[in-house]
Amino acid sequence: MEFTEAYKQAGPCAFSPNARFLAVAVDYRLVIRDVLTFKVVQLFSCLDKITYIEWALDSEYILCGLYKRPMIQAWSLAQPEWTCKIDEGSAGISYARWSPDSRHILTTSDFQLRLTVWSLLNTACIHVQGPKHGSKGVSFTKDGKFSAICTRRDCKDYVNLLSCHTWEIMGVFAVDTLDLADIQWSPDDSAIVIWDSPLEYKVLIYSPDGRCLSKYQAYECGLGVKSVSWSPCSQFLAVGSYDQMIRVLNHLTWKVFAEFTHLSTVRGPCGAAIFKEVDEPLQLDMSELSLNDDFAQRRADSVSETQIQVRYDVMEVPITLPSLKPPADKPNPKQGIGLMSWSSDSQYICTRNDNMPTVLWIWEVHHLELAAILIQKDPIRAVAWDPKYPRLLLCTGSNHSYMWTPSGAYCINIPFPQFSVIDLKWNLDGSCLLLKDKELFCCAALPMLQESSDYSSDD
């Protein structure tokens, strides 16, 4: 594994969709670097600290959210002198996103008063009144032709289907939710999934013309859906719940064909590999060196404090996993499936049960079985699947990153002192991995994954 040097950052970082550039926020400056050389190719100065950045789909434009103002600024890589500024005045801006055509910006005002579509081609703007949410409740088809925008009026939730070419409303239909949580188009654009707030377990599948294809409710009288995710192939829909289970629906009948339970005790028979992160102090043999006693003692103390390596031990079943009991008298309990991510080939799905924050579960969907369990020392911050291979990277806020492949799990040391990995992202072509610290970032190039890959924790 090869690392770049560490660079300064003070906000969001994002790879461009064409995988050629990396945008980095450094306070009020937006730095654009070339992914191959990491040289600065453009530098833009915003009017305030950048809190959000998003590339346009064609990688020609990039927007910066200055939510403290609140204001949006957009920049062009091809025409550095061109700039765009969006200010909603007293209405404010709570969120902004690009449309699929890369020539319109959608902003949501404070208190969800309205959603506005701004054109970069002319001065026209279109308003959608009463959007349901700020950053959620909007989804685009993969082909970029249509958008689904959730709104609420008269105490009822609606879905508005708009053409992304003319921005005319193609249809509006009411949905059977008490308090709609979010919406997602399937990757093949054939269906729309909508789910209710945690107070009501309800998952609804609609066709693009507004017909309800299926209604799923696993149980009543309890906190319901916490996370929902389509598989990249569109054949599976995973629903994570507060009851610490993940249920997978198929796209033909919309029935549950798999249920994965996250138990605090794993017993046999179990074919999954269980990896536990443990400390491995680096031992140096200095017995043959001529050192005075004081120096030798100071050297031994510094080694014991700083030079700590980690490795994975393979555990046997039965094993009790570290878990927390959320307080019953507080809202939004840290329990249930809060993190869920599919591999690019739709063969694996990884999950984190929030009352077991240090444990990552990896499930093999095609064989309906548990593939692996990773037990970390610290709570899992972020996970990211390789866009090309069944390879998973995760971080815990330590000086290491961790990798799982079907051939095993590996600990990777970051070659910078005091560098704590709090987030990671893959470039869309899988060529490199971005690792973020609180004030720095670096990138790493990983070898291509082969059938008989032999990784080492020293890589």
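Rules behind the numbers
- Residues numbered from 1 in each chain as written.
- Predicted model: local features only at pLDDT ≥ 70, side-chain atom pairs only at ≥ 80, totals over all residues.
- Heavy atoms only, no water.
- Helix = DSSP H or I, 4+ residues; strand = E, 2+ residues; numbered from the N terminus.
- Buried < 20%, exposed > 50% of the residue type's maximum accessible area, 1.4 Å probe, protein only.
- Contact = heavy atoms within 4.5 Å.
- Salt bridge = Lys/Arg side-chain N within 4 Å of Asp/Glu carboxyl O.
- Pairing = 2+ DSSP bridges.
- Axes fitted to C-alpha atoms, helices over the stretch in contact; angles between N-to-C directions.

Caption draft 1: Quick look at the side chain of serine 343. One can find serine 343 in the loop between β31 (337-342) and β32 (348-353). On the basis of relative accessible area, serine 343 is assigned to the buried category, the value being 0%. Those residues in contact with serine 343, other than ones at most four positions away along the chain, are Pro232, Tyr348 and Trp385.

Caption draft 2: A look at the pattern of salt bridges. Considering all chains together, one arrives at 18 salt bridges under this definition. Between arginine 69 and aspartate 48 there is a salt bridge, and its shortest N-O distance comes to 3.5 Å. Residue arginine 69 is found in the loop between β8 (61-66) and β9 (71-76), and its partner aspartate 48 is found in the loop between β6 (40-45) and β7 (52-55); the two are separated by 21 residues along the sequence. Of the residues examined, arginine 69 reaches a relative accessible area of 45% and is grouped as partly exposed. Of the charged contacts, one joins aspartate 58 and arginine 103 as a salt bridge, the two residues approaching to 2.7 Å between their closest N and O atoms. Separated by 45 residues along the polypeptide, aspartate 58 in the loop between β7 and β8 and arginine 103 in the loop between β11 (95-98) and β12 (104-108) bring together distant segments of the chain.

Caption draft 3: Up close: the sheet that holds strand β15 (residues 138-140). The strand order β15-β16-β17-β18 describes an open sheet built from four strands, whose pairing is antiparallel. The sheet is open, and its two edges are formed by β15 and β18 (169-174), each paired on a single side. Each strand axis lies, on average, 20° off the axis of its neighbour in the sheet, ignoring direction. Inspection of the sheet shows β15 paired to strand β16 (residues 146-153) by three bridges, in the antiparallel sense. When the sheet's bridge partners are listed, phenylalanine 140 is paired in β16 with serine 147.

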